[in-house]
Every structure is written in C-alpha cells, then in structure tokens.
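The residues making up each chain are set out below.
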Amino acid sequence: MGSNAKGRTEMEVGDDGVAIITIINPPVNALSFDVLFSLRDSYEQAMKRDDVKAIVVTGAMGKFSGGFDIAVFGVLQGGKGDQPSVSNISIEVITEIFEAARKPAVAAIHGLALGGGLEVAMACHARISTPTAQLGLPELQLGIIPGFGGTQRLPRLVGLSKALEMMLTSKLIKGQEAHSLGLVDDIAPPEELITTARKRALEILEWRRPWVHSLHRTDKLESLAEAKEIFETARVQARKQSPNLKHPFACIDVIEMGVVFGPRAGLRKEVEEFQGLLHTDTCKSLIHIFFAQRSTTKVPGVTDLGLAPRKITKVAIVGGGLMGSGIATALILSNYPVILKEVNDEFLQAGIDRVRANLQSRVEKGNMTKENFEKTISLLKGVLDYESFKDVDMVIEAVTENVSLKQQIFADLEKYCPPHCMLATNTSTIDLELIGERTKSCDRIIGAHFFSPAHVMPLLEIVRTKHTDEQVIVDLLDVGKTIKKTPIIIGNCTGFAVNRMFFPYSQAAILLAERGVDPYRIDREISKFGMPMGPFRLCDLVGFGVAEAATSQFVQDFPERTYKSVLIPLMQEDKNAGESTRKGFYVYDQNRKAGPNPELKSYIEKARSTSGISVDPKLMKLSEKDIVEMILFPVVNEACRVLAEGIAVKAADLDIAGVMGMGFPSYRGGLMFWADSLGSNYIYSRLEEWSKQYGGFFKSCGYLAERATQGATLSAPVGDAKPQI
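Every value quoted in this text rests on a predicted model; they were computed, and no experiment measured them.

**A closer look at helix α18 (residues 470-482)**
Next, step 1: Here α18 is 13 residues long and its end C-alpha atoms lie 19 Å apart, about the 18 Å a rise of 1.5 Å per residue gives.
Next, step 2: Close packing links the buried residues of α18 with α13 (322-333), β13 (394-397), β14 (422-425), β15 (445-450), β16 (459-464) and β17 (486-491).
Next, step 3: Measuring from the side-chain oxygen of the N-cap residue of α18 to the backbone nitrogen of Gln471 gives 3.0 Å; that N-cap residue is Asp469.
Next, step 4: Trailing α18 by a residue or two, Lys484 shows a phi angle of about 65°, which is positive.

**Overview of the UniProt feature "domain: 3-hydroxyacyl-CoA dehydrogenase NAD binding" (unreviewed entry) in the chain**
Next, step 1: The UniProt record marks residues 314-492 with the feature "domain: 3-hydroxyacyl-CoA dehydrogenase NAD binding" (unreviewed entry), using the residue numbering of this structure.
Next, step 2: Split by type, residues 314-492 is 40% helix and 21% strand. Its first and last C-alpha atoms lie 26 Å apart.

**With respect to the packing of aromatic side chains**
Next, step 1: Enumeration according to the criterion identifies 27 aromatic pairs in this entry.
Next, step 2: On the numbers, 6.0 Å between centres and 90° between planes, the contact of Phe633 with Tyr682 is edge-to-face. Residue Phe633 is found in helix α26 (residues 624-644), and its partner Tyr682 is found in helix α29 (residues 680-694); the two are separated by 49 residues along the sequence.
Next, step 3: Tyr682 sits in the partly exposed class, given a relative accessible area of 26%.
Next, step 4: Put simply, the rings of Phe529, Tyr563, Phe633, Phe664, Trp674, Tyr682, Trp690, Tyr694, Phe697 and Phe698 pair up and form one aromatic cluster.
Next, step 5: Its guanidinium or amino end placed over the ring of Phe290, Arg294 lies 3.7 Å from that ring's centre, counting from NZ or CZ.
Next, step 6: Here Lys341 stacks its cationic end above the ring of Tyr386, 4.8 Å away from the centre of that ring.

**Some remarks on the UniProt feature "domain: 3-hydroxyacyl-CoA dehydrogenase C-terminal" (unreviewed entry) in the chain**
Next, step 1: Residues given the UniProt feature "domain: 3-hydroxyacyl-CoA dehydrogenase C-terminal" (unreviewed entry) here are residues 495-588.
Next, step 2: The span residues 495-588 is 61% helical and 3% strand by assignment, and the distance between its end C-alpha atoms comes to 29 Å.

**Quick look at the packing of helix α27 (residues 651-662) against helix α28 (residues 671-678)**
Next, step 1: Where α27 contacts α28, the two axes come as close as 6 Å, and the packing angle between them is 110°. Considering their axes alone, α27 and α28 lie roughly perpendicular with respect to each other. Each of Ala651, Leu654 and Asp655 in α27 lies in contact with α28, whose residues at this interface are Leu671, Met672 and Phe673.
Next, step 2: Looking at the contact of α27 with α28 residue by residue, the class counts come to five nonpolar, no polar and one charged.

**What to know about the side chain of Asp676**
Next, step 1: Of note, Asp676 is situated in helix α28.
Next, step 2: Salt bridges are absent for the buried Asp676, whose nearest opposite-charge side chain, Arg707, sits at 7.2 Å.
Next, step 3: Of note is the side chain of Asp676, whose polar atom sits 2.7 Å from the side chain of Ser715.

**Structural notes on the sheet that holds strand β4 (residues 105-109)**
Next, step 1: An order of β1-β2-β3-β4-β6-β9 is seen for the six strands of this open sheet, with the pairing classed as mixed. The strands lining the two open edges of the sheet, one partner per strand, are β1 (8-13) and β9 (186-187).
Next, step 2: In terms of strand pairing, β4 meets strand β6 (residues 126-129) through four bridges, oriented parallel. Along β6, the bridge assignment pairs Ala108 with Ile128.
Next, step 3: Those strands touched by helix α1 (residues 33-48) are β1, β2 (18-24), β3 (54-59) and β4, and its axis lies near 20° from that of β1.

**Structural notes on the pairing of strand β10 (residues 315-318)**
As a general feature of sheets, a regular strand has side chains that alternate between the two faces.
Next, step 1: Side chains Val315 and Ile317 of β10 all project onto a buried face; the interleaved residues Ala316 and Val318 project onto the opposite face, where all are buried too.
Next, step 2: Looking at chain direction, β10 and strand β11 (residues 338-341) are connected through four bridges and run parallel. Note that in β11 the partner of Ile317 across the bridge is Leu340.
Next, step 3: For the crossover that starts at β10, traverses α13 and ends in the parallel β11, the hand is right-handed.

**Here's the deal with the pairing of β14**
Next, step 1: The alternating pattern of β14 places Met422 and Ala424 and Leu423 and Thr425 on opposite faces, both of which are buried.
Next, step 2: In the sheet, β13 pairs with β14 via four bridges, with the strands oriented parallel. Of the residues in β14, the one forming a bridge with Ile396 is Ala424.
Next, step 3: Sheet topology note: the β14/β15 ladder contains three bridges and is parallel. Looking across to β15, one finds that Leu423 is bridged to Ile445.

Calculation notes
Residues numbered from 1 in each chain as written. Predicted model: local features only at pLDDT ≥ 70, side-chain atom pairs only at ≥ 80, totals over all residues. Heavy atoms only, no water. Helix = DSSP H or I, 4+ residues; strand = E, 2+ residues; numbered from the N terminus. Expected span 1.5 Å × (residues − 1). Contact = heavy atoms within 4.5 Å. Polar contact = N/O pair within 3.5 Å; in protein donor to acceptor, adjacent residues only side chain to side chain. UniProt positions renumbered as here; feature names shortened; annotations may be inferred. Phe/Tyr/Trp six-rings, centres within 6.5 Å; stacked < 30°, edge-to-face > 60°. Buried < 20%, exposed > 50% of the residue type's maximum accessible area, 1.4 Å probe, protein only. Lys NZ or Arg CZ within 6 Å of the ring centre and 35° of its normal. Axes fitted to C-alpha atoms, helices over the stretch in contact; angles between N-to-C directions. Parallel < 35°, antiparallel > 145°, perpendicular 65-115°, else oblique. Nonpolar A, V, L, I, M, F, W, Y, C, P; charged D, E, K, R; others polar. Lys, Arg positive; Asp, Glu negative; His and termini not counted. Salt bridge = Lys/Arg side-chain N within 4 Å of Asp/Glu carboxyl O. Pairing = 2+ DSSP bridges. Right-handed = clockwise from strand over helix to strand, strands pointing away.

The following block contains the structure:
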C-alpha cells in the first residue's frame, strides 16, 4: 500500500482456531470509517469460517486504539462529503455485530484504549490488558459525549459513580486500576498479552468462563433510588465546574436514560445527543484547540529544514526565585540534571527549598513516591559561581527584570559556557536584542518564557530574534516537548505574545472603573464569561509592583494606545499592593479569601479627579455582553497587531497562547477563534464607536479595519483572507 494507505484491519487464524484481528492505522490506530468497516468485515468473515472458533481483537505497534479519528469530526461538522452516519455504527455495528457475535471475542489491550477504542473493547466479551495501558473515555474534552455505546457500557462494568467520574473529568486510568474496577478481566505482561487473550477466548467458548454482554449487565448498577442521588450530585458538580457548558449535562442525561429505561433506549438517546453536540460551537471550538495545540510546533523555515534536536544532557539556571525554582522543578521532573546558581548562600538555600517544596506537594497529593522524590531532587545541584558551567548544554536566566543585570549575566555566560551552549532568558517583557547587546553570541540567545508557577503552567513561549539560529529553536522545542509544555514560537517584541495581547485587559477594566462601572461587577462578568479571574483579581494576584513595571514598559513602547491611570500608584502609596500585602482591589483574610476593599471607592474617586475624568451615566447601564466586549475587544485588537507584525506564525498559535497562558476558555476556541465567531466587522464597528467616545485606547488597528472592510476572518493567513460565511 502507498504512503496514503487507509486504516485497515488484518486477520490471522492460528492452529488453535483463534482469529487475531489487528487494527492498523498508525500512529495510534485511530478508528476511521475505513478501520471500522474493515473490522466489521473481519468479524463477518470470522463468523463464516469454520476454522475460526473465537476472536481476539488487538492493535498494531503496541497500541490498541486511540479512539475515533478526530479529523473526521471536522468533515462531519462541515456536512461535506457523503460520510456514513456515526449513529448506525453504535447500534448496527458495535452492538449487533461485535457484541452479538456468535463466537466469543476478547480485547487484548496495550498502549492505549481511548474513546471509541475503549468502546469497541467494551463490546467484546472479555478484556485483557497490560498493567500500564491507558484506558478512558475523554470525549467530553472535545465538547461531545461517547458515541459508540460508552455511556451505557462503562457504568455497567464499573458502576455509576466511577463511570461518571471517568467521563465527566476525561480521566484516564491504567490497566492495573481498570482491573481492580472490573473494566478489564485480567492483567498480562506485554509479551504474554496475546497468549492470555487467546486462552481466555477459548475458555469462554468452552463455558469455563462467563460469556458476558456488557450492555446487559446489571450487577454493578446501583438501585434506582441510589442512582437518582448519584445523578443529582453529578449535576450539582457540573453546574459548579462548567456552568457555561451543555455537554456534561447531556452525558448525565444519556447515562440516566439507560439506567431508567434500559440500555437500548440509552443507546438511541446517546446517538441523538452525540449528533446534536457535534454541531455546537463548543465542540467546534474544542476541536479547533485540539488541532491548534498539535500544530504549534510546525514552523515554516525552522522545523521543515530537517534539523535534528541536539541532546541536552545538563542545564544551568541562573536565579533561584519563584520562576527559577519552578523551571528547575519542571526540568528535574523530566530527568534533566540541573545546576542552580544564586548570588549567596541564603538565596541559594531558599531556591533549593522551593524546589523541594514543589516536589513535596506532589508526594502529599500521591503523585510521587518517596523514592522518586529522592531520585528527582538528587538531580539538582546548587552553586554560587560559574565554574561548573563549562559543560552545560543550556542555560536559562531567570533573574529580576533589570536590563543591566541581565546584560552582565549574558556577558559572563558567554565567557564560562561552552560555545555550543544555548543561552535562554525567561524575561517576560524585555527586548532580547537588548539583553544580548554586550555579547557576540546573538545567534544562540533565545527566550524561554515560562508562566508562573513554571512547573504547573502548560505554556512555553519560545522567543526568537532575527539572529537566533534555527538549530537553537529546534533544540528548545525538543526540551519543551520533553518537559511536557506546549511550546509556541514567537518573534521578539515587548511582552511577546501573551503579555502583549493581554496588557489591555486590566487597562480596559481601569478605564471603565474610572468612568463609573463597579470593578467587582467587571470581575464577576469576566469570570462568568469563563476567564479564571477578572482583571482586578488578576492584578492583585500578580502584585502591583509587577503590574506597574509591565505597564510602564507598554506605555513607553505603545504610548498612543495605552491607558494611563494613577489608580494603582495611588493605592501603592498606602501599601495596597495586591494579595501579597493582603490588600489591593480586594482585601484578603488569612486563608487568602478575597472580599471587597471598602476603601477602593475613594481611591477611584481620587484617580478620577487627578485625571479630570467624570462618571459616564451610559456606562453605568452596561449589559453583561457590553462589559465582556469592552474588556476583551481591545485584547483582540492587540492580538491582530501581533499577527500583522508577524510576531506570531499563525492565529491558532495565539489561540493556544491565550488558553494556556491566560486561561481564556478553551470551549470558546481561543481569542481569535472566538472573535471570528462574532465577526471582524462587528468588532471593528464597536471599537470605532468606543474610540470616538473614550479615546485612542480603543482605536482599531489597520489589520482589523482591513479584514472588516473585506468581510474576512481575522484568522485567515495574510493574502488568503477568506470571506466570512
């Protein structure tokens, strides 16, 4: 078969009369329609053949199946092409051919059995798994529900509470746990997996083991009264965790239907809900994010040159503060030996203690064993000078945002590090050209901007200057992947992508507050929209010192479009500096619980009179939608500039930057995707209207104006602007 070979299955019949059917669709054996229909044909052939007594279903190359092919969803959503209906597969293929087979079938699971892959396995009459295989139904992450009977079979195999937890949180479990729950019937090491499955299939045939149809089991289901309580609790949880989403409730309804009216009714409702959810904005948004996240590492002119990443065997970090210690934690967790450098014993000890505390909290949560803790912490070594930098492959500088200090450090690094060593900085705002000004090593200087806390937050901004060597970028991409971050490659500018796009976030909020909008209402509406916290709560968390430093950088570089306010400096004078001082826009009790700051009103009045601004009665009557748009459209406007200047490679990268760096709701598809759902023309006309009333802060950039005039999407590549449908 050529390189565009379709997915398929192959069948091989052994002397013992067991047919081994193997799913083949690299890399994860996704269930495309080709694979599913080939699996059905193999089953039908096995039923016809007299030399076949039983079946074992498995996957090629150490993986059972990663689930239904997500690329097909896009095709189904577009309604293009004559794709078969998913609905028929659940009942006509999985239930009436696989589960109803007249010969026993056993699933042999290794690697992973996710989504549709696990649903096929649950329709088999038994399951054997390796101890470390990952099993789960993560469909809700894509805004849909399981569509091949998973909502009906999983509860019957593991009970309602566990099944709801696995589906609603998309939690994957290992083979060992799946066995203890009853999802799989036996555990076997990889080399004995097929033999064990063959044996089990023949034992079922000889009635020495039960022949089980998962769909009709009831022994694990709670009584109706108990079930009702479990569903109610699940709904309360879902309302709390995802008030803006419909699909978690659809999932609960479908499971309940099966429990109350029987599995066939449940299957029919599952199909109906699945089809409906597939066409929702939530599903389209989450599928967009799924693919956008996988494509951040494809960068024309960098990753298509055939460069292989060099091996990074030792990393040094300069600065053991909050960021440095977080980065050190992320690296040693992925087995990189790390040297942490500080200026004196006291700071060094504090840095090492922070790393220990980060690991300790993993031990306490049960995510790390004591032995593993010792092994991991032993990879960290503290130093006070550059002597041991002579054989490091990569340095990450993470000291305070001070230009001359950083310049001095880079001049020193050039002296002490080997010539191949990558020199990275974790600066969040300072121009990289400035940082490397006193070196001759501009080709190996690169930004590695982590987000706080660095060992938890998933994003890594990789910042390149016009001098950065492609090899260095490829190396850092590889490190990013190893430490399980999603890397995006960004050009060099003030604030890079995330901080630059979001600098208008708090500025718009202050502009509205000074004109009479209640700051606490702004935070409430923005949280309701789906941001983890509103702009005022965020300022408190970051701290006014950092907020002020970043703002002054933006005021300096973008004077015509920054909103200058004295509100934060006025509050700082009275030692209101955010959460760290227990007083900012909110006041904090000893458990860090936030309440309104009774003095905020007088600070706002003072700021207003200093700036000569008056309360605008129109703004007092803003709707929820208006507040969200006045805070977020300036952010969209700045993202358009980042795109127009070529700082970001593509709009989808900015979607990922916002979702992973700022917590923009993924179920809205990221900032640019969300903006396109509203239309460039609408955003442009709102901004124009506000800029007439409130000044240059709201003025649309040229890119946005041009797209609006063409009626084109904001996300379409330059020179390829597609009209909006």
